[in-house]
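# Structure at a glance
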Amino acid sequence: NPISADMAVMRSTLWVGLIKAAEHNLKRQQSDVRLFETGLRFVPNGSELTQEPMLAGLVCGSRFSMGWTNGSEKVDFYDLKGDLEAMLGINGDTEYRFVAGEHPALHPGQCAAILKGDKQIGLLGALHPVLQKQLGIKTPLFVFELLLDEVTQGQLPEFTSVSKFPEVSRDLAFVVEESVQWAQVEQVIRAQAGESLTNVTLFDVYRGQGIENGRKSLALGLTWQDPSRTLNDEEITSSVDNIVTKLAEGLGAQLRG
């Protein structure tokens, strides 16, 4: 019983409405768009339809609002990924991961599946260029969609006192196959670095002179800090050795001098 002729089909994704709303704004010279929606999608399940509450969003346009101190960069895939990481991190859950994904409506090189444990709970990516051209939209659109029930339950935040003991930092660079994803590397590092690891950051990806074709160099920074004592060099060296060994065994990574 649709309320209009163009609403005669149950939606299988919330992206349809978000893209239509973005298109409406873009045609009226509103180029910076940030939208989100919660609602039901309808997924075929044998002879029946399953209703799934979803959370979806869309961004396009400039990264920053207009101003003489702001640059003119456009929002991209990583801006939206960062927003999602911040949102998912609010509830204290560390099970979420982003891995390369596929969806016919999304750009094949800019699409990520969002996992909670081993379960896929959503997708993130740029709208496929062919679809964007068919819609007559020139501005790149970036969208995400999540199962709402999977992101509304989590741990309550807890206060942790700031350690009075010094941090210890190490910078490492590994050469890996092009197919190796950062999420795989990070997972090995966190499993081998010990409980005192407080941060691991990828700060450079290099391809070029000195690196074989089909391989890349990942430069990363690691930080350890213990809340009850000062860590010694032997402990850090042991952690680094474990990381180097496991990355070599599991991912074929070579430590770059």
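Below or above, wherever it landed, is the structure these notes cover. Note that the structure is predicted; figures quoted are calculated from it, not measured. (Residues numbered from 1 in each chain as written. Predicted model: local features only at pLDDT ≥ 70, side-chain atom pairs only at ≥ 80, totals over all residues. Heavy atoms only, no water.)

### As for the environment of Asp204
Summarising the element assignment, Asp204 is placed in strand β8 (residues 197-206). The partly exposed category is assigned to Asp204, whose relative accessible area is 38%. Non-local contacts of Asp204, meaning those with residues more than four positions away in its chain, are made with Ser217, Leu218 and Ala219. (Helix = DSSP H or I, 4+ residues; strand = E, 2+ residues; numbered from the N terminus. Buried < 20%, exposed > 50% of the residue type's maximum accessible area, 1.4 Å probe, protein only. Contact = heavy atoms within 4.5 Å.)

### Topic: the layout of surface pockets
Within this model, the largest pocket holds a volume of roughly 1,300 Å³. Within the residue set of the lining of the largest pocket, elements represented by two or more residues are α2 (77-89), β3 (96-100), β4 (106-116), α4 (182-192), β8 and β9 (215-224). A per-element tally of the lining of the largest pocket places α2 first, with six residues. (1 Å grid on protein atoms, 1.4 Å probe; cavity = no way out; pocket = protein on both sides within 12 Å on 5 of 7 lines; lining within 4 Å. Points joined across faces, edges and corners; volume = space filled by probe spheres on them.)

### What to know about the pairing of strand β5 (residues 119-127)
Among the nine residues of β5, seven are classified as buried, and the element is accordingly described as predominantly covered. Here β4 pairs with β5 via seven bridges, running antiparallel. Looking at the pairing, Leu115 lines up with Gln120 of β5. Where β4 folds back onto β5 in an antiparallel hairpin, the turn is made up of two residues, including Gly117, whose phi is positive at roughly 70°. The sheet contact formed by β5 and strand β6 (residues 142-147) spans five bridges and is antiparallel. Looking at the pairing, Gly125 lines up with Val143 of β6. (Pairing = 2+ DSSP bridges.)

### Some points on the sheet that holds β5
Strand order across the open sheet formed by six strands is β1-β2-β6-β5-β4-β3, with antiparallel pairing between neighbours. The open sheet has two edge strands with one neighbour each: β1 (33-45) and β3. Each adjacent strand pair in this sheet contributes to an overall mean axis angle of 25°, direction not counted. (Axes fitted to C-alpha atoms, helices over the stretch in contact; angles between N-to-C directions.)

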